[in-house]
Amino acid sequence: MPRVEKGEARKKMPRLLCITAHPDDEAGGFGGSLLHYAEKGVETHVICLTPGQAATHRGGAKSDEELSAIRRQEFAAACKLLKVKQGTVLDYPDGKLDQQNLFAVVADLTRRVREIRPDVMMTMGPEGAITAHPDHSMVSVFGTLAVHWAGRANRFSDQLKDGLSPHQTKKIYYGTTGFTMPDRQPVSLAPASMVLNLAAAEIETKVAAFECHKSQAPLFPFFEETIRRRGKTEQFHLAATAMPRKMEIETDMFEGIGDL
Ligand SMILES: [Zn+2]
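The rules behind each value
- Residues numbered from 1 in each chain as written.
- Predicted model: local features only at pLDDT ≥ 70, side-chain atom pairs only at ≥ 80, totals over all residues.
- Heavy atoms only, no water.
- Phe/Tyr/Trp six-rings, centres within 6.5 Å; stacked < 30°, edge-to-face > 60°.
- Helix = DSSP H or I, 4+ residues; strand = E, 2+ residues; numbered from the N terminus.
- Buried < 20%, exposed > 50% of the residue type's maximum accessible area, 1.4 Å probe, protein only.
- Lys NZ or Arg CZ within 6 Å of the ring centre and 35° of its normal.
- pLDDT = per-residue confidence, 0-100.
- Contact = heavy atoms within 4.5 Å.

Concerning the packing of aromatic side chains
Here the structure, examined in full by the defined rule, presents eight aromatic pairs. The interplanar angle of 75° and the centroid separation of 5.9 Å between the aromatic rings of F210 and F220 together place this pair among those described as edge-to-face. In this pair, F210 sits in helix α5 (residues 200-210) while F220 sits in helix α6 (residues 220-229), placing the two residues 10 residues apart along the sequence. Judged on exposure class, the residue F210 and its partner F220 are both buried. Taken together, a centroid distance of 4.2 Å and an interplanar angle of 25° make the contact between F210 and F223 stacked. One end of the pair, F210, is in helix α5; the other, F223, is in helix α6, and 13 residues separate them in sequence. Judged by relative accessible area, which is 2%, F210 ranks as buried. Of the residues examined, F223 reaches a relative accessible area of 16% and is grouped as buried. Of the aromatic side chains, those joined through ring pairs into one cluster are F210, F220, F222 and F223. The side chain of R155 reaches across the aromatic face of W149, ending 4.0 Å from its centre.

So, in structure tokens, the structure goes:
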């Protein structure tokens, strides 16, 4: 993809939106890609639906509110390391995304997609990624519907005022891996169609970004192992494209998008 020179109008800067469930997903699942594209001049955004208040590991917090506040700060620190332009943690309840009102959550995300106007969106697959966490599955459903419907003037048309207009995101990717964890419940992952090669330094920053989530320190060995098992890559499945075509193996999420 072409490198964007500083000073170019904002409208010409390519944008990448990552939609996740919990603080730490952005680093563990997508950290390499977020950093890689930010360094190439892409404007990167992360929307995390919950502040992670139901986590097993509490980091010394005495209440859900205290843990939420800690995890919001950890998320901000990780986003800073990953050079994320805008990281947002919403306030949906951790562990209960499957009990939320689909229409309301998708409306909320659709409005945010119409504001951010990404070229590419990445999220988990509906299986819930390698851990198959139900919140990950719901983020996939909510995020996918929001990105599709943001482009259609007949969906949530009440939002189309005060300068907000429909926006068609050009590609949707689901994060995936080439392995599963045999000691866990079964999970069926989407096949990788886009393999992003990362520099060793990008992997190290990804690990460091995960380790910003200090409240989750007992998970560090597990996550570092899964990060390193991917080799120097992050893998994705192209789930939707605004430019219909046969499936091809890609090495760049912004391939085929054109005039960036
Ligand atoms: Zn998660």
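Side note on the confidence of the model for the protein chain
Interpretation of the predicted coordinates at a detailed level should be avoided for regions scoring low in pLDDT. Chain-level statistics for the protein chain give a pLDDT mean of 93 and a share of 95% at 70 or above. Note on residues 4-10: pLDDT under 50 across the span, and five contacts to partners over four residues away in sequence or across chains.

Things to note about the environment of L196
Residue placement: L196 occurs in strand β6 (residues 194-197). Given a relative accessible area of 2%, L196 falls into the buried group. In this structure, L196 is in contact with S33, H36, Y37, K232, T233, E234 and T251, ignoring residues within four places of it in sequence.

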